[in-house]
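# Breakdown of the fold
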Amino acid sequence: MAVTMNDVARAAGVSLKTVSNVINNYEFIRPATKQRVLDAIDELGYETNLTARSLRSGKTSMLGLVLADLSIPYYAELASDIMKAAWARGYRVLVEQTGNEADHEKAALQGQFRTLTDGLLFIPLALDAEQIIAVAGKKPLVLLGEFVQDPRLDMVLIQNHQAAAAVTTHLLAGGRRRIAVLGAHDGDTAGSSGLRLEGYKAALADAGVPYDPALVVPCDWRRDGGAAATSGLLGSGVEFDAVFGLNDALALGALHELLVRGRKVPEEIAVAGFDDIDEARFASPSLTTVAPGRTEIAERAVELLIGRIESKDAALTVQQPEAAFELRVRQSAR
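Bear in mind the structure is a predicted one, so any value in this text is a computation, not a measurement. (Residues numbered from 1 in each chain as written. Predicted model: local features only at pLDDT ≥ 70, side-chain atom pairs only at ≥ 80, totals over all residues. Heavy atoms only, no water.)

## A closer look at the nonpolar core
By size, the foremost hydrophobic cluster in this structure holds 74 residues, and its most contacted members are Leu63, Ile82, Leu121, Leu144, Leu171 and Leu182. With residues up to four places along the chain from it excluded, the contact list for Leu121 reads Gly64, Leu65, Val66, Ile82, Val142, Leu144, Ala301, Val302 and Leu305. With 17 residues, the next largest nonpolar core counts Leu127, Ile132, Val148 and Leu157 among its residues. (Core = buried A, V, L, I, M, F, W, Y, C linked by side-chain atoms within 4.5 Å. Buried < 20%, exposed > 50% of the residue type's maximum accessible area, 1.4 Å probe, protein only. Contact = heavy atoms within 4.5 Å.)

## Considerations on the packing of helix H11 (residues 223-236) against helix H12 (residues 248-260)
The contact between H11 and H12 brings their axes to 6 Å, and the two run at 50 degrees. For the element pair H11 / H12, the angle class is oblique. Every pair of crossing elements has a handedness; the one defined by H11 and H12 is right-handed. Residues Arg223, Gly225, Gly226, Ala227, Thr230, Ser231 and Leu234 of H11 form the contact with H12, whose participating residues are Ala249, Leu250, Leu252, Gly253, Ala254, Glu257 and Leu258. (Axes fitted to C-alpha atoms, helices over the stretch in contact; angles between N-to-C directions. Helix = DSSP H or I, 4+ residues; strand = E, 2+ residues; numbered from the N terminus. Parallel < 35°, antiparallel > 145°, perpendicular 65-115°, else oblique. Left-handed = near helix turned anticlockwise from the far one by under 90°.)

## Details of the packing of aromatic side chains
This structure, assessed with the given rule, holds 2 aromatic pairs. Between the aromatic rings of Tyr74 and Tyr75, the centroid separation amounts to 6.3 Å while the plane-to-plane angle is 55 degrees, which identifies the pairing as tilted. The burial state of Tyr74 is the same as that of Tyr75; both residues are buried. Taken together, a centroid distance of 6.4 Å and an interplanar angle of 75 degrees make the contact between Tyr200 and Tyr211 edge-to-face. Here Tyr200 is found in helix H10 (residues 191-207), whereas its partner Tyr211 is found in the loop between H10 and strand S7 (216-217), with 11 residues between them in sequence. In this structure Tyr200 comes out as buried when scored by relative accessible area, which is 1%. We classify Tyr211 as partly exposed; its relative accessible area is 27%. Taking the ring centre of Phe274 as reference, the NZ or CZ of Arg196 above it sits at 3.6 Å. Directly above the aromatic system of Tyr211 lies the positively charged group of Lys201, at a separation of 4.7 Å from the ring centroid. (Phe/Tyr/Trp six-rings, centres within 6.5 Å; stacked < 30°, edge-to-face > 60°. Lys NZ or Arg CZ within 6 Å of the ring centre and 35° of its normal.)

## Thoughts on the pairing of strand S8 (residues 242-245)
In S8, alternate side chains face the same way, and those of Ala242 and Phe244 on one face and Val243 and Gly245 on the other are all buried. The pairing of strand S6 (residues 179-182) with S8 spans 4 bridges and is classified as parallel. When the bridges of S8 are listed, Leu182 appears paired with Gly245. As defined by bridge partners, S8 adjoins strand S9 (residues 270-272) across 3 bridges and the pair is classed as parallel. Bridge assignment links Val243 to a residue of S9, and that residue is Val271. Between the parallel pair S8 and S9, the chain is carried across by H12, and the sense of this crossover is right-handed. (Pairing = 2+ DSSP bridges. Right-handed = clockwise from strand over helix to strand, strands pointing away.)

## What to know about helix H5 (residues 73-88)
Along its 16 residues, H5 runs 23 Å from first to last C-alpha, staying within 8% of the 22 Å computed at 1.5 Å per residue. Inspection of H5 places Pro73, Tyr74, Tyr75, Glu77, Leu78, Ala79, Asp81, Ile82, Ala85 and Ala86 among the buried residues, and these make up the whole buried set. Gly90 sits one or two positions beyond H5 and adopts a positive phi of about 85 degrees. (Expected span 1.5 Å × (residues − 1).)

See the structure below:
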């Protein structure tokens, strides 16, 4: 039989109202009384009803994290860092996957998921800024990723342009002149793909190396996408001496395809990625990549969101901090 608040009250020798006050952190309770109630809760194994408690207090101590797909390694590792940051501040995290579907993103912003959380961390890939603002409601919201950038919205940013330029500059310094880019369309300027492509172009221009759109290959940001794009390049006759995958999954897919085709990495073709997922260190050869500051992103996003939740000032200035990045040079592009 489930333990009730009445059971806790009897065990602690207090009223039902006192138990309720302790559970809801009412501040005017004698320490000795509060401790008796907490001891009874522990002894009996009483678990509060989160929904009922949130209805009374208006607070759940839960953060929502809305992202496309946890099977994408970067998202999974970012989610883990966010959970750790939230836990350290007394919050838990609920995760919702949207599959890049606009209807699913809208549902997370205004449906039952939203009511279970005090605020959301949101990585949009389908909705634009106007759509987000229209349905987001009044609860705090902090965006991650660069698909949407808008001065009205709090967000924590990656230095995509600068980091992609650093990767490209490193490849150029190693004598590479035909650097293929996987994961963008020629002409992209927005979102992570566009910003990283622009950084790549800027580094080429600084080195006096002409930009060739034939080296830019659109594909899904997954291992199989990187492998297929690399296979296409090898079969097309387009010459290239390096591959820059716009995330590590693409780069790892490219690395696999090159090795099964008998191409030497990095002697013939260098490979670099972006994200510094755990697998990058253990690939053979290990993968050169950008660490975009994932832990800092998680810490700053959680801190910003909780600050919004706990502040009574509705007119706070919008914040859009950038995380620092680091180039991690490994065997695939030494």
